[in-house]
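If you want the building blocks of each chain, they are given just below.
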Amino acid sequence: MPVHRSGTVRRPRLRRVPAAGVILAALSLLFTLPTAAQAADVPARGSATMGMGVAEHDGRGGLPTGDNAVQTEGVDTSSHNGNVAWSTLWNSGVKWAYVKATEGTYYTNPYFAQQYNGSYDVGMIRGAYHFATPDTTTGAAQANYFVDHGGGWSRDGRTLPGALDIEWNPYGASCYGKTAAGMVSWIRDFLNQYKARTGRDAVIYTATSWWTECTGNSSAFGATNPLWIARYNTDPGTLPAGWGFYTMWQYTSSGPTVGDHSKFNGAYDRLQALANG
């Protein structure tokens, strides 16, 4: 420490930081760190379920009104449902089911065997679905993962073509950080690879509002891929571009035994025709 000639000790001068600067620095740190509430809102990878964003983004209305159209009741399941009481569903009139097989290239449903084989064993026509995460790997990579982990198809009269569940991202930005053109390209990549592996055109599960926002309301797949529309209301509403009718309609997430219930747009023999290809 320097000493004056007078013998007194010179103490270093402290640099003052303006109070405004301290406040700004603290605010900057606050806004760059996620809050505990924000972190808690993001579910664990692999936990996504079909339609988990529908009610939040599109709302929830009444149940379908009665009409003269012949429709066939179905359900979809995931690990969230655990071991499913398939005989109860069958006896209530449910005749078909889709079971979550995979998500991204990192997750397989631990209840898949009980759900996929159990639905078949009680007499249902069943298929598998894949929850898409276009921000993690390519469409082709996810199609291969899906087929390799339960998403295949066989012409046994009881197996439906695989379904691509493409909807709001539960882990981040709704459109997975992709432009509309990029999203359409990713979907096409998945569908082309799935068909190359199985010989079938996959079903597309989506909601019109998501499809409009994230694909620019593309009409690219309406001529080839059956539509499974999601809308929790009295009717399926406006369909995405390219489709003049829906093949399936998920109309509620609060149905009996298993929450997610859907209607196949036709009689049982038409459901069999879809299974047979």
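What counts and how
- Residues numbered from 1 in each chain as written.
- Predicted model: local features only at pLDDT ≥ 70, side-chain atom pairs only at ≥ 80, totals over all residues.
- Heavy atoms only, no water.
- Disulfide = S-S within 2.5 Å.
- Helix = DSSP H or I, 4+ residues; strand = E, 2+ residues; numbered from the N terminus.
- Buried < 20%, exposed > 50% of the residue type's maximum accessible area, 1.4 Å probe, protein only.
- 1 Å grid on protein atoms, 1.4 Å probe; cavity = no way out; pocket = protein on both sides within 12 Å on 5 of 7 lines; lining within 4 Å.
- Points joined across faces, edges and corners; volume = space filled by probe spheres on them.
- Nonpolar A, V, L, I, M, F, W, Y, C, P; charged D, E, K, R; others polar.
- Expected span 1.5 Å × (residues − 1).
- Contact = heavy atoms within 4.5 Å.
- Pairing = 2+ DSSP bridges.

Caption draft 1: The state of the cysteines, seen in detail. Under the counting rule described, the total for this entry stands at 1 disulfide. In this model Cys175 forms its disulfide with Cys214; the gap between the sulfur atoms is 1.9 Å. Since a negative S-S torsion denotes a left-handed disulfide, the Cys175-Cys214 link at about -75 degrees is left-handed. With a gap of 39 residues between them, Cys175 in the loop between strand E5 (163-165) and helix H7 (180-198) and Cys214 in helix H8 (residues 208-215) connect regions that are remote in the sequence. Cys214 sits in the buried class, given a relative accessible area of 1%.

Caption draft 2: Summary view of the layout of surface pockets. Of the voids in this model, the largest pocket is the one considered here, and its volume is about 210 Å³. Along its surface, the largest pocket is lined by 17 residues, and Thr49, Met50, His80, Ser253 and Asp260 are the ones closest to its centre. Here the residues of the lining of the largest pocket sort into 6 nonpolar, 8 polar and 3 charged.

Caption draft 3: Representation of helix H6 (residues 139-151) in the model. For H6, which comprises 13 residues, the first-to-last C-alpha distance of 14 Å sits more than 12% below the rise-based estimate of 18 Å (1.5 Å per residue). The set of residues buried in H6 consists of Gly139, Ala140, Gln142, Ala143, Tyr145, Phe146, Val147 and Gly151. Looking at the buried side of H6, the elements it contacts are strand E2 (96-103), strand E3 (107-108), strand E4 (125-131), E5 and H7.

Caption draft 4: Up close: the pairing of E2. Of all 8 residues making up E2, 8 are buried, and the element is well covered by its neighbours. With 4 bridges connecting them, strand E1 (residues 72-77) and E2 associate as parallel partners. By the bridge assignment, Asp76 is partnered in E2 with Tyr98. In this sheet, E4 lies alongside E2 in parallel orientation, the contact comprising 7 bridges. In the strand pairing of E4, Tyr98 is matched with Gly127. In terms of strand pairing, E2 meets E3 through 2 bridges, oriented antiparallel. Its bridge partner lying in E3, Glu103 is registered against Tyr107. Hairpin remark: E2 followed by E3, antiparallel, with 3 residues in the connecting loop; positive phi at Gly104, about 55 degrees.

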